[in-house]
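So you can see what is in the structure, the chains are spelled out below.
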Amino acid sequence: MPSKNPFRWLQIWQREEGVSEQASEGVAAELLDKDPPKSPLKRGTWSRFLPPFLRGAGGISEDSGLTQISPEPPPDPTEEFVSLNGEAIEKLATFIDFAEGFTIGFVEINFLADLDILIQRLKTHPNCADAQFVELTLNDPALKFLKDELVKRLENHPWTPEKRAIVWIKGLENSIGMSGDYPPVLVDLNFVRDAFIDSAPYPVLFCLPDYAINRVIKYAPDFWSWKSGVFRFKTRPSIQKLAADKTIFSDRIRESLLLEDWQERIDTLERLAMEYRPTSEPTKAELANYCRALMELGYAYRGLGDTLKAEYQLQKALQVAKSSEDLLPQKASALHFLGILCADTGKVVEAEGLYSESIELQDKLGDQANKAATLHELGRLKADQGEIEEAISLYQEVLTIDEQTGNVQGKAATLSQLGILKYGLGQVEEALQLHQQSLQIKEQIGNLAGKATTLHELARIKAGQGEIEEAIALYQQSLDIAEQIGDVQGKAATLHELGRMKSNQGEIEEAIALYQQSLDIAEQIGNVQGKATTLHQLGSLKTKQGETEAALRLFEESIDITRQLGLTPRLPPTLDWLASIAEEQGDIAKALAYRQEAFEISQRMGSPEAEYYRRELERIQALAAERAQSSET
């Protein structure tokens, strides 16, 4: 019979792995404890439930202070830039005209497209007629020794003997970074300052965004003191708008972003945040835009699995929002997203508090749509804790709001979540009906990403019922849509599920191949949490094949990632595998340590499967005591 009190981990695991609750408690525990829940960055978890003013161009709320400029013929980029920066261009041209030998200048410019316009403009300036511009892109984040790299590049550069060389250095902000003390490249730059005179006897212009220049001032003060000029350029409004359209106003499915896309997005958002940074007397719209850029940065860092940087950006957004009573919607959303981060890392009490504070503000604002989004996340938190009935109650409340506000997309997603919970309770027919209702709505509104997700969930139910061929067909439909719309994260999730099915059918080699494809995508998109889960799965298969050393490497890499991300609640299943391997190898001390940690984590989290870990711990303690007694006699 279905469990009357579903395990918290079992609920998560069933939802992620499609396991039927028809399994006996013993089998469920064995599977459960050796197969951790997948990353919380699964399909649609964050991006689907963005509050309206964070959902892209079509969903900006009227009171958010955020408006998009109506389409107009774009201005000529060069004319626009020159009109804003004519005086600064003339000053820099004069600097180039008179500079000789090793001379340092700093060009403060926030967008590379503007820098390209500047350089092209100066190439035709009368003061630069006898100059040859040597443009060097030094954008390696790991760069430490700038002088050595500069000398190497200059040695291989084609020269025009009759013209003076002016060296432009671009991209150095990547190695300078935005945070952290004493970037290695700046420490070295400060230390070897005098060596530049002989090694690079040319005028050098360092082209950097403002934050990077501030870090040069702070961490390479001796080098900074040698500057002969600082030239600051204003950003064109059109490029600022373009950057906003690509990031904070973009409707692109975030799950479709590859790792390089995420990195580009973060770079653009960082520059955009600099542009939106409040002035001495900022308007509501300026502060709102700044908050939004910071929250999108938080989302982007979370997408890369960097929860510390994500929290840093969201805390900044929260502080800005707290500075004005006009920014209560932004404050509510920052609390909402900080709640999600806390939930990710198992900080359940903190997450619940943040959600409650966000809901209180939303009630004050009469913001039912955003309240539904936060109630949904609170429902997910309750479900993860095994409080299924309370979660269902919250989802029902969300459904009511969705119907009142006409949010059909939200209704479809909530129906799907209810379907997942009903299936976890063993109410299979009701779960199927809910997913079918969700699927029908998503098809009506053309939500392909949502359709793929629901097909994925239907496939899990079919697999749990033993209807393997139908499940595979549904997974394939989901996979086809994911490929069609470029949803690489959805593709990875479905490949993972297909791998699980092949594993259950005993087709280990094919399962490994599918998991490897999923792992490759996780690495491409920087989904380190998903990577940790798939590494765990591969480790379990390698164990079944008797490849113990390979399995250990996979489990240990999975656990290292999980620890680095602070996702402590997700450690016990992998620790259990490592304990089993250690016990088989006769290393009782190591097995005891793994089981002790698994038990302590599950007990601290209030997890029902703590009982399983307690029994295993007591068993291994008894075995250790028995061996100790034998050695004494």
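The structure this text deals with has already been given above.
Residues numbered from 1 in each chain as written. Predicted model: local features only at pLDDT ≥ 70, side-chain atom pairs only at ≥ 80, totals over all residues. Heavy atoms only, no water.

**Section: the overall build of the chain**
1) Next: Each helix and strand counted, the chain has 29 helices and five strands in total.
2) Next: Counting the 633 residues in the chain, one finds 58% classified as buried.
3) Next: Looking at the chain alone, contacts between residues at least 24 apart form 70% of all its contacts between residues at least 6 apart. (Helix = DSSP H or I, 4+ residues; strand = E, 2+ residues; numbered from the N terminus. Buried < 20%, exposed > 50% of the residue type's maximum accessible area, 1.4 Å probe, protein only. Contact = heavy atoms within 4.5 Å.)

**Here we look at helix α3 (residues 77-98)**
1) Next: Remark: the principal bend of α3, roughly 80°, maps to Asn-85.
2) Next: Taken together, the buried positions of α3 are occupied by Glu-80, Phe-81, Val-82, Asn-85, Ala-88, Ile-89, Leu-92, Ala-93, Phe-95 and Ile-96.
3) Next: For α3, the side-chain oxygen to backbone nitrogen distance between the N-cap and Thr-78 is 3.2 Å, and the N-cap itself is Asp-76. (Bend = angle between axes of the 7 residues up to and from the residue. Polar contact = N/O pair within 3.5 Å; in protein donor to acceptor, adjacent residues only side chain to side chain.)

**So, the packing of aromatic side chains**
To describe a pair of aromatic rings, one takes the distance between the centres and the angle between the planes.
1) Next: Evaluation of the coordinates by the stated rule reveals 12 aromatic pairs.
2) Next: Ring geometry for Phe-81 versus Phe-233: centroids 5.9 Å apart, planes at 20°, classification stacked. Of the two residues, Phe-81 is situated in helix α3 and Phe-233 in the loop between β5 (227-232) and α11 (237-246); the sequence distance between them amounts to 152 residues. Exposure class is identical for Phe-81 and Phe-233. Each is buried.
3) Next: Geometrically, the ring pair formed by Phe-102 and Phe-196 is stacked, given 5.4 Å between the ring centres and 20° between the ring planes. (Phe/Tyr/Trp six-rings, centres within 6.5 Å; stacked < 30°, edge-to-face > 60°.)

**Structural notes on helix α23 (residues 488-504)**
1) Next: Relative to the 24 Å expected for 17 residues at 1.5 Å per residue, α23 spans 24 Å between its end C-alpha atoms, a close match to the ideal helical length.
2) Next: Most of α23 is tucked away: 15 of the 17 residues are buried.
3) Next: Of the residues trailing α23, Gly-506 is marked for its positive phi of about 85°. (Expected span 1.5 Å × (residues − 1).)

**Concerning the nonpolar core**
1) Next: Core analysis: the largest hydrophobic core is formed by 50 residues, its most contacted members being Tyr-276, Met-295 and Val-320.
2) Next: Only α11, α12 (259-276), α13 (284-303), α14 (307-322), α15 (328-344), α16 (348-365), α17 (368-384) and α18 (388-405) provide two or more residues apiece to this core.
3) Next: When residues in this core are grouped by element, the largest group, 10 residues, is from α13.
4) Next: Counting residues in hydrophobic clusters, the runner-up holds 33 residues, among them Ala-165, Phe-196, Tyr-219 and Phe-223. (Core = buried A, V, L, I, M, F, W, Y, C linked by side-chain atoms within 4.5 Å.)

**Brief notes about the sheet that holds strand β2 (residues 131-137)**
Within a beta sheet, neighbouring strands are joined by backbone hydrogen bonds and run either parallel or antiparallel to one another.
1) Next: The strand order across the open sheet built from five strands is β2-β3-β4-β1-β5, with neighbouring strands paired in parallel fashion. Sheet topology places β2 and β5 at the edges, where each strand pairs with a single neighbour. Adjacent strand axes in the sheet meet at a mean angle of 20° when their direction is disregarded.
2) Next: When strand β1 (residues 103-108) meets strand β4 (residues 203-208), the two strands line up parallel, connected through six bridges. Within β4, the residue paired with Gly-105 across the bridge is Leu-205. (Pairing = 2+ DSSP bridges. Axes fitted to C-alpha atoms, helices over the stretch in contact; angles between N-to-C directions.)

**Considerations on the layout of surface pockets**
Left-over empty space is what a probe sized like a water molecule reveals as it rolls over the atoms.
1) Next: Within this model, the largest pocket holds a volume of roughly 1,400 Å³.
2) Next: Taken together, 41 residues form the lining of the largest pocket, with Asn-174, Tyr-211, Ile-266, Asp-267 and Glu-270 sitting closest to its centre.
3) Next: Elements represented by at least two residues in the lining of the largest pocket include exactly α4 (112-123), α6 (173-176), α9 (210-219), α11, α12, α13 and α14.
4) Next: Top contributing element to the lining of the largest pocket by residue count: α12, with nine residues.
5) Next: Split by residue class, the lining of the largest pocket holds 18 nonpolar, 10 polar and 13 charged. (1 Å grid on protein atoms, 1.4 Å probe; cavity = no way out; pocket = protein on both sides within 12 Å on 5 of 7 lines; lining within 4 Å. Points joined across faces, edges and corners; volume = space filled by probe spheres on them. Nonpolar A, V, L, I, M, F, W, Y, C, P; charged D, E, K, R; others polar.)

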